[in-house]
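# Analysis of the macromolecular model
Spelled out from the first residue to the last, the chains are:
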Amino acid sequence: MGGEPTVRRDIVPLMQQIGSLRSHGLRKLYLITNRLSLHRKLDAIVEAGLTGVNLSLDTLDPWQFPLMTRRAGFAAVQKSINRIFELNRLGAGIKFKINCVVMRGLNDREILPFIELTRDKDVKVRFIEYMPHAGEPLSMSGGTQSNLSIFTAKNVHLSTRRTHP
């Protein structure tokens, strides 16, 4: 699709159209989003056949959120998260993953709160190392080793997966 799918006016009919392919062998229908409007469309999209959500979220701190995203809206994102958990309690079976870009000095202190979220909730969190763009300081990248030291200090046991050759 490209861009943010939840801003499409036709997202629900589109998901219904794609979801109808489940009777022809389509097994998974995921949505990747960082949008604030997901909670308003989520029920209809789940009814259309949605099986998973990947949510980009770099902070659990409502005060840090507008600094990182350049917009307000943490409450809307929290509504989406809560609604996914609620739908799953009702049997929806939505696979839920949060992708968090870790940036030294900005949100690296939130690694453990994200991990704690997975203890009580059916959600996976994937930490993605910040990769600076041209003209940005390399110092925001914490590096894998510095982030692993945070886990070790708190006695958190992780499994790692190599995603590139």
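Heads up: the structure comes first, above all this text.
Since the model is a prediction, treat every value here as computed from it, not as a measurement. (Residues numbered from 1 in each chain as written. Predicted model: local features only at pLDDT ≥ 70, side-chain atom pairs only at ≥ 80, totals over all residues. Heavy atoms only, no water.)

## Things to note about the sheet that holds strand 2 (residues 52-56)
- Reading across the sheet, the four strands line up as 1-2-3-4 and stay open at both edges, with parallel pairing between neighbours. The open sheet has two edge strands, strand 1 (30-33) and strand 4 (124-129), and neither has a second partner. Pairs of neighbouring strands in the sheet enclose a mean axial angle of 15°, with direction left out of account.
- Relative to strand 3 (residues 95-102), strand 2 is paired through five bridges, and the arrangement is parallel. Across the sheet, residue Ser56 finds its bridge partner in strand 3, namely Asn99.
- Its contacts with the sheet place helix 5 (residues 111-120) against strand 3 and strand 4, and it is angled at close to 155° to strand 4. (Pairing = 2+ DSSP bridges. Helix = DSSP H or I, 4+ residues; strand = E, 2+ residues; numbered from the N terminus. Axes fitted to C-alpha atoms, helices over the stretch in contact; angles between N-to-C directions. Contact = heavy atoms within 4.5 Å.)

## Structural notes on the packing of aromatic side chains
- The final tally for this structure, using the stated rule, is three aromatic pairs.
- With a centroid separation of 5.6 Å and 75° between ring planes, the pair formed by Phe85 and Phe96 is classed as edge-to-face. In this pair, Phe85 is assigned in helix 4 (residues 74-89) and Phe96 in strand 3, connecting sequence segments eleven residues apart. With respect to burial, Phe85 and Phe96 carry one shared label: buried.
- Pairing Phe114 with Phe127 gives two aromatic rings, centres 6.3 Å apart and planes at 90°, and the pair type is edge-to-face. With Phe114 in helix 5 and Phe127 in strand 4, this pair connects stretches of sequence that are 13 residues apart. (Phe/Tyr/Trp six-rings, centres within 6.5 Å; stacked < 30°, edge-to-face > 60°. Buried < 20%, exposed > 50% of the residue type's maximum accessible area, 1.4 Å probe, protein only.)

## Some remarks on the pairing of strand 2
- When you tally the buried positions in strand 2, you get four out of five residues, the bulk of the element.
- With four bridges connecting them, strand 1 and strand 2 associate as parallel partners. Across the sheet, Thr33 pairs through a bridge with Leu55, a residue of strand 2.
- Taken together, strand 1, helix 2 (residues 38-47) and strand 2 form a β-α-β motif whose crossover is right-handed. (Right-handed = clockwise from strand over helix to strand, strands pointing away.)

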